[in-house]
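# Results of the structural survey
Chain residues, written in single-letter form:
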Amino acid sequence: MKKLIIATKNEGKAREFRSLFPEGEVEVLSLLDLEEPLDVEETGNTFTENAILKAEEISRKYQTTVIADDSGLEIDYLNGAPGVYSARYAGAEKNDQDNINKVLKELSGVPANKRTARFVCALAVSSPGKETKTVTGTVDGYINEQREGNGGFGYDPIFFVKDKCRTMAELTKEEKNAISHRANALEKLQGILPEYI
Ligand SMILES: O=c1[nH]c(=O)c2ncn([C@@H]3O[C@H](COP(=O)(O)OP(=O)(O)OP(=O)(O)O)[C@@H](O)[C@H]3O)c2[nH]1
Ligand SMILES: [Mg+2]
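Note that the structure is predicted; figures quoted are calculated from it, not measured.

## Overview of helix 5 (residues 181-190)
For helix 5, every residue scored as buried is listed here: His 181, Arg 182, Ala 183, Ala 185, Leu 186 and Leu 189. On its buried side, helix 5 packs onto helix 1 (11-20), strand 3 (66-75), strand 4 (116-126), strand 5 (133-143) and helix 4 (173-179).

## Here we look at the site of ligand 1
In the vicinity of ligand 1 lie 21 residues, with Thr 8, Lys 13, Phe 153, Tyr 155 and Asp 156 positioned nearest. Here an oxygen atom of ligand 1 sits 2.6 Å away from a polar atom, N or O, in the side chain of Thr 8. At 2.5 Å from an oxygen atom of ligand 1 is found a main-chain nitrogen or oxygen belonging to Tyr 155. Look at ligand 1: alone it shows 620 Å² of surface, and the protein chains cover 96% of it. Judged by its atoms lying within 2 Å of the grid points, ligand 1 is housed in the largest pocket.

## Observations concerning the UniProt feature "binding site: Mg(2+)" (unreviewed entry) in the chain
Mapped onto the present numbering, the UniProt feature "binding site: Mg(2+)" (unreviewed entry) falls at Glu 41 and Asp 70. In three dimensions, the annotated residues from a span of 30 residues occupy one location, with a maximal C-alpha spread of 11.9 Å. Those annotated residues that line the largest pocket are Glu 41 and Asp 70. With respect to the helices and strands, the residue Asp 70 is situated in strand 3. Ignoring any residue separated from it by four or fewer positions in sequence, one finds Asp 70 in contact with Lys 13, Glu 42, Phe 47, Asn 50, Ala 51, Lys 54, Val 84, Val 120, Cys 121 and Ala 122. There is a polar contact of 2.9 Å between the side chain of Asp 70 and the side chain of Lys 54.

Cut-offs used in this document
- Residues numbered from 1 in each chain as written.
- Chains lettered and ligands numbered in written order.
- Predicted model: local features only at pLDDT ≥ 70, side-chain atom pairs only at ≥ 80, totals over all residues.
- Heavy atoms only, no water.
- Buried < 20%, exposed > 50% of the residue type's maximum accessible area, 1.4 Å probe, protein only.
- Helix = DSSP H or I, 4+ residues; strand = E, 2+ residues; numbered from the N terminus.
- Contact = heavy atoms within 4.5 Å.
- Near = heavy atom within 4 Å.
- Polar contact = N/O pair within 3.5 Å; in protein donor to acceptor, adjacent residues only side chain to side chain.
- Areas by Shrake-Rupley, 256 points an atom, 1.4 Å probe, with all protein chains shown as cover.
- 1 Å grid on protein atoms, 1.4 Å probe; cavity = no way out; pocket = protein on both sides within 12 Å on 5 of 7 lines; lining within 4 Å.
- Sits in = over half its atoms within 2 Å of the grid points.
- UniProt positions renumbered as here; feature names shortened; annotations may be inferred.

Printed below as a string of structure tokens:
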């Protein structure tokens, strides 16, 4: 079976990637399945730059095809923050609940029509001896006034999906996979992936 490493230590992302690939066709591993994986510093200014950094460094180390995902939440009222700092918005320990609390506090009292936001996912695919390629996917929504739902990960409980009239955390796994920024980006990558695996 073909093997693919997803260059992530985020369990939520790893779970979603496993469910986005048809079972039995590609073996999907994440850095959580490997011993002592590299910690790649995210020094880029954009999701795409960070995805390239992670994909190329991990691909070089394991000499195999790697997809990296750099993603996050852009809130218009906060001029695009937390953006590339989404995972570490409330501190280096990357706590989802602290991140949500920080966003809710910053948007406290802000009316519904000014709470527009989007999730962005940049994917980079890298393979030894091949040129790295990137794609981006997005999904539009609003920042909810409070948490709703238990699904997904990260900011999902406060991300109200415009087209579904529910938060991302209230959607089933299948519903999220049909509309998410990650699924949208992966769909764009499907056309070029066979050149890499
Ligand atoms: O509610 C959410 N639903 C999503 O579908 C989603 N996708 C990304 N995010 C947020 O953006 C950060 C990415 O930062 P990030 O790309 O640097 O990943 P990370 O540091 O968690 O892991 P790694 O892949 O770098 O190892 C994550 O931690 C989350 O806070 C999401 N939140
Ligand atoms: Mg990260």
